[in-house]
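Chain by chain, the residues run as shown.
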Amino acid sequence: MTAYTLGSLLYEGKAKRVYQTDQTDLVAVEYKDDATAFNALKKAQLAGKGLMNCQISARLFELLEREGIVTHYLSLQEPNWMLVKPVQIVPVEVVVRNIAFGSLCKQMPIEPGTPLDPPLLDLYYKDDAYGDPLLTDARLERLGVLSASQRQELEHLAMAVNTSLRRFFAEIALELVDFKIELGFTTDGQLVVADEISPDTCRLWDRNVSGDAQERILDKDRFRQDLGGVVEAYGEVLKRVQAACPPPRLGK
Ligand code: UDP
């Protein structure tokens, strides 16, 4: 266990709290049980969600790291706490889609379930006050948060994350439909994968359930669509991830 002292709350988001520590190179992240959807219009408490998302994220960050993709993750602390490197989050949500679903099908004529090959990458401006709008190239340039080469790097990283995660999830009979990641700059200017990777941020379908039955949905769509069994679905994802990954490292 790393000897560090928890400092003040730096930031509280919808699903996590981020705390300073007495070590400048360590930040502590607490995963909460709060569930929100539709820009926080829908809210609930789901006992155990924080712990499960933290446990899943820790293993997926370590998997990415083994595949040469740098993340902010350092180690698991408590069951629902992890230590990460401090990063400046890029205010852009990066979504990679392997199968058309969700907002994509509401915004253009494409049938839910249509395979997307090559995968589709969408960038959204991360700001709840504006409703996280889809960015155009020109708007991204106007925002001025990424240089052209940083944007290329961000897209390259997101596609590499997709390749790794998709292959891994397929091994545990889960279809990675789409996911959102956030990236950040470390204090020495390196662009790394940050935030979390969990059923809150990935659409995952059970490959063992045939057809388009709702039982195949093992992600936050169970909460968004009032399908019930949210905690059970996350638990199933954790069970499969745990079985396929080494236990996460503890301490620094
Ligand atoms: N997503 C997310 N946070 C957001 C928006 C989307 O984690 O604020 C994830 C979502 O869970 C899904 C993917 O990004 O795995 C694509 O979501 P989409 O754009 O289809 O939006 P939605 O249908 O969830 O509104």
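Refer to the structure above for everything that follows.
About the thresholds
- Residues numbered from 1 in each chain as written.
- Predicted model: local features only at pLDDT ≥ 70, side-chain atom pairs only at ≥ 80, totals over all residues.
- Heavy atoms only, no water.
- Salt bridge = Lys/Arg side-chain N within 4 Å of Asp/Glu carboxyl O.
- Helix = DSSP H or I, 4+ residues; strand = E, 2+ residues; numbered from the N terminus.
- Buried < 20%, exposed > 50% of the residue type's maximum accessible area, 1.4 Å probe, protein only.
- Near = heavy atom within 4 Å.
- Polar contact = N/O pair within 3.5 Å; in protein donor to acceptor, adjacent residues only side chain to side chain.
- Areas by Shrake-Rupley, 256 points an atom, 1.4 Å probe, with all protein chains shown as cover.
- Nonpolar A, V, L, I, M, F, W, Y, C, P; charged D, E, K, R; others polar.
- Disulfide = S-S within 2.5 Å.
- Core = buried A, V, L, I, M, F, W, Y, C linked by side-chain atoms within 4.5 Å.
- Contact = heavy atoms within 4.5 Å.
- Phe/Tyr/Trp six-rings, centres within 6.5 Å; stacked < 30°, edge-to-face > 60°.
- Lys NZ or Arg CZ within 6 Å of the ring centre and 35° of its normal.

**Notes on the pattern of salt bridges**
Taken as a whole and assessed by the stated rule, the structure comprises 25 salt bridges. For D226, the salt bridge is made with K42, and the minimal N-O distance between the two is 2.7 Å. One end of the pair, D226, is in the loop between α5 (221–224) and α6 (230–244); the other, K42, is in strand β5 (residues 42–45), and 184 residues separate them in sequence. We classify D226 as exposed; its relative accessible area is 63%. Taking the shortest distance from any N to any O, the salt bridge between K180 and E182 comes out at 2.7 Å. K180 gets classed as buried once you look at its relative accessible area, which sits at 17%. Accessibility expressed as a relative area gives 4% for E182, which makes it buried. Taken together, the shared-partner salt bridges in this structure form one network comprising K16, K126, K180, E182, D195 and E196.

**Examining the site of the ligand**
In the vicinity of the ligand lie 16 residues, with R97, S103, D178, R203 and R224 positioned nearest. With respect to the ligand, the side chain of S103 contributes an N or O atom lying 2.7 Å from an oxygen atom. Coverage of the ligand by the protein chains reaches 79% of its 500 Å² of free accessible surface. Mapped onto the shell around the ligand, the elements with two or more residues apiece are β9 (92–99), β11 (174–186) and β13 (202–206). Per-class residue counts for the shell around the ligand are five nonpolar, three polar and eight charged.

**So, the state of the cysteines**
If you walk through the whole model with that rule in mind, you get zero disulfides. No disulfide involves C54; its sulfur sits 14 Å from that of C245, the nearest cysteine. With no disulfide of its own, C105 has C202 as its nearest cysteine by sulfur position, at a separation of 17 Å.

**Looking at the nonpolar core**
Core analysis: the largest hydrophobic core is formed by 56 residues, its most contacted members being M82, L165, F169, I181, V193 and I197. Ranked by the residues each element gives to this core, the list is headed by helix α1 (residues 49–66), at eight residues. Setting aside its immediate chain neighbours within four residues, V193 contacts F61, I69, V70, T71, H72, L157, V161, I181, E182 and L183. Counting residues in each nonpolar core, the second largest holds six residues, with Y19, A28, W81 and L83 among its members.

**Some words on the packing of aromatic side chains**
Tallied over the full model, the rule gives five aromatic pairs. Relative to W81, the ring of Y19 lies with its centre 5.4 Å away and its plane at 35°, an arrangement referred to as tilted. Within this pair, whereas Y19 is found in strand β2 (residues 16–21), its partner W81 is found in strand β7 (residues 81–84), the two being separated by 62 residues in sequence. What makes W81 buried here is its relative accessible area of 17%. Here K42 stacks its cationic end above the ring of F223, 5.0 Å away from the centre of that ring. Note that R216 overlies the ring of W205, its terminal NZ or CZ placed 3.6 Å from the centroid.

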